[in-house]
Amino acid sequence: MAVSPPPLPLPADLAQVVESALAAHAARPGALLPIFHAIQDRAGYVPREALPRIAWAVNQSQADVLGTLSFYHDFRTHPPGRHVVKLCRAEACQARGSDAVVADVEGRLRVGMGRTREDGAVTLEPVYCLGNCALGPSAMVDGRLHARATADRIAALVEEAPPCR
Ligand code: FES
């Protein structure tokens, strides 16, 4: 007897994003990462409400699916702010002063690392190497890489840029 899929308690547009990702990738070996990427690329995050359906589609336990999702820092389980700032926390950028930049950016943008500001304007995320080590501290603002990042420059970029979502 076929077991029916678990419900997908999400708004219709978000449910459609999840369904499309499952249709495109669920049958492939190693499907979880392509599914997560496809959902996050379109929705900005991977909703926790989708995990039972994803687990069902790939024939894995929800614990395994959540474990994989949590393992990779790049995936979010909450909607991001209108701007996303990623600051490199890896060793080469630390040697070039990224700790001070992080502290300054947190103050300038009024949001802590790993959080979204209350007004939804900006999300600040750590990232572990952007492949730009010689020109650190490195940052990514709305998907664009920036070398020799300073808090002033990052704050200006966030203020000047149109919302990325
Ligand atoms: S360590 Fe920061 S870009 Fe590589």
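The shown structure was predicted, so the numbers you read here are calculated from the model rather than taken from an experiment.

1. As for the overall build of the protein
Then, in step 1: For the protein, the count of helices and strands is seven helices and five strands.
Then, in step 2: Listing every helix and strand of the protein by position from the N terminus yields α-α-α-α-β-α-α-β-β-β-β-α.
Then, in step 3: With the C-alpha coordinates of the protein rotated into their principal frame, the extents come out at 60 × 30 × 20 Å.
Then, in step 4: In the protein, buried positions account for 44% of the 165 residues.
Then, in step 5: A separation threshold of at least 6 residues defines the contact pool for the protein, and within that pool the share at least 24 residues apart is 59%.
Then, in step 6: Accessible surface computed for the protein: about 9,100 Å², of which carbon and sulfur atoms make up 53%.
Then, in step 7: Separation between the mean location of the 17 positive side-chain charges and that of the 17 negative ones in the protein comes to 3 Å.

2. Structural notes on the nonpolar core
Then, in step 1: Core analysis: the largest hydrophobic core is formed by 26 residues, its most contacted members being Ile35, Phe36, Ile39, Ile54 and Val65.
Then, in step 2: Looking at this core, the elements with two or more residues in it are helix H1 (12–25), helix H2 (32–43), helix H3 (51–58) and helix H4 (62–71).
Then, in step 3: Look past the residues within four positions of Ile39 in its chain and what remains in contact with it is Val17, Val18, Ala21, Gly44, Tyr45, Val46, Pro47 and Ile54.
Then, in step 4: In this structure, Val111, Ala149, Ala151 and Ile154 belong to the second largest nonpolar core, which totals 17 residues.

3. Brief notes about the domain arrangement of the protein
Then, in step 1: When its domains are assigned, the protein resolves into domain 1 (12–71) and domain 2 (83–160).
Then, in step 2: Inter-centroid distance (C-alpha atoms) of domain 1 to domain 2 is 28 Å.

4. Some remarks on the sheet that holds strand E2 (residues 115–116)
Then, in step 1: Read from one edge of the open sheet, five strands run E2-E3-E1-E4-E5, paired in mixed fashion. Pairing within the sheet leaves two strands with one partner each, and these edge strands are E2 and strand E5 (144–146).
Then, in step 2: Strand direction decides the pairing type here: strand E1 (residues 83–88) and strand E4 (residues 139–141), joined by three bridges, are antiparallel. Its bridge partner being in E4, Lys86 is matched across the sheet by Met140.

5. Focus on the side chain of Thr123
Then, in step 1: Locating Thr123 in the fold gives a position in strand E3 (residues 122–127).
Then, in step 2: Note on Thr123: relative accessible area 4%, which makes it buried.
Then, in step 3: Setting aside chain neighbours within four positions, we find Thr123 in contact with Pro80, Gly81, His83, Val84, Val85, Arg115 and Thr116.

6. Brief notes about the environment of Val101
Then, in step 1: As for its placement among the helices and strands, Val101 is situated in helix H6 (residues 98–109).
Then, in step 2: With 49 residues separating them along the chain, Val101 and Thr150 place their C-alpha atoms 5.9 Å apart.
Then, in step 3: Contact partners of Val101, with chain neighbours within four places excluded, come to Pro137, Ala149, Thr150 and Ala151.

7. Brief notes about H3
Then, in step 1: Within the span of H3, buried status applies to Leu51, Arg53, Ile54, Ala55 and Val58.
Then, in step 2: Those residues of H3 that are buried are in contact with H1, H2 and H4.

8. Remarks on the pairing of E3
Then, in step 1: Counting buried positions over the six residues of E3 gives five, a clear majority of the element.
Then, in step 2: Summarising the sheet, E1 and E3 pair through six bridges and their orientation is parallel. Along E3, the bridge assignment pairs Cys88 with Val127.
Then, in step 3: Looking at chain direction, E2 and E3 are connected through two bridges and run antiparallel.

9. Focus on helix H7 (residues 151–160)
Then, in step 1: Here H7 has its buried residues at Ala151, Ile154, Ala155, Leu157 and Val158. Taken down its axis, H7 places every buried residue within 160° of arc, on the same side. Of the exposed residues in H7, the ones pointing more than 90 degrees away from its buried face are Asp152, Glu159 and Glu160.
Then, in step 2: Against the buried residues of H7 lie E1, H6, E4 and E5.

Quick notes on the rules
- Residues numbered from 1 in each chain as written.
- Predicted model: local features only at pLDDT ≥ 70, side-chain atom pairs only at ≥ 80, totals over all residues.
- Heavy atoms only, no water.
- Helix = DSSP H or I, 4+ residues; strand = E, 2+ residues; numbered from the N terminus.
- Buried < 20%, exposed > 50% of the residue type's maximum accessible area, 1.4 Å probe, protein only.
- Contact = heavy atoms within 4.5 Å.
- Areas by Shrake-Rupley, 256 points an atom, 1.4 Å probe, with all protein chains shown as cover.
- Lys, Arg positive; Asp, Glu negative; His and termini not counted.
- Charge placed at Lys NZ, Arg CZ, Asp CG, Glu CD.
- Core = buried A, V, L, I, M, F, W, Y, C linked by side-chain atoms within 4.5 Å.
- Domains from an automatic or database assignment.
- Pairing = 2+ DSSP bridges.
- Arc of directions from axis to C-beta.

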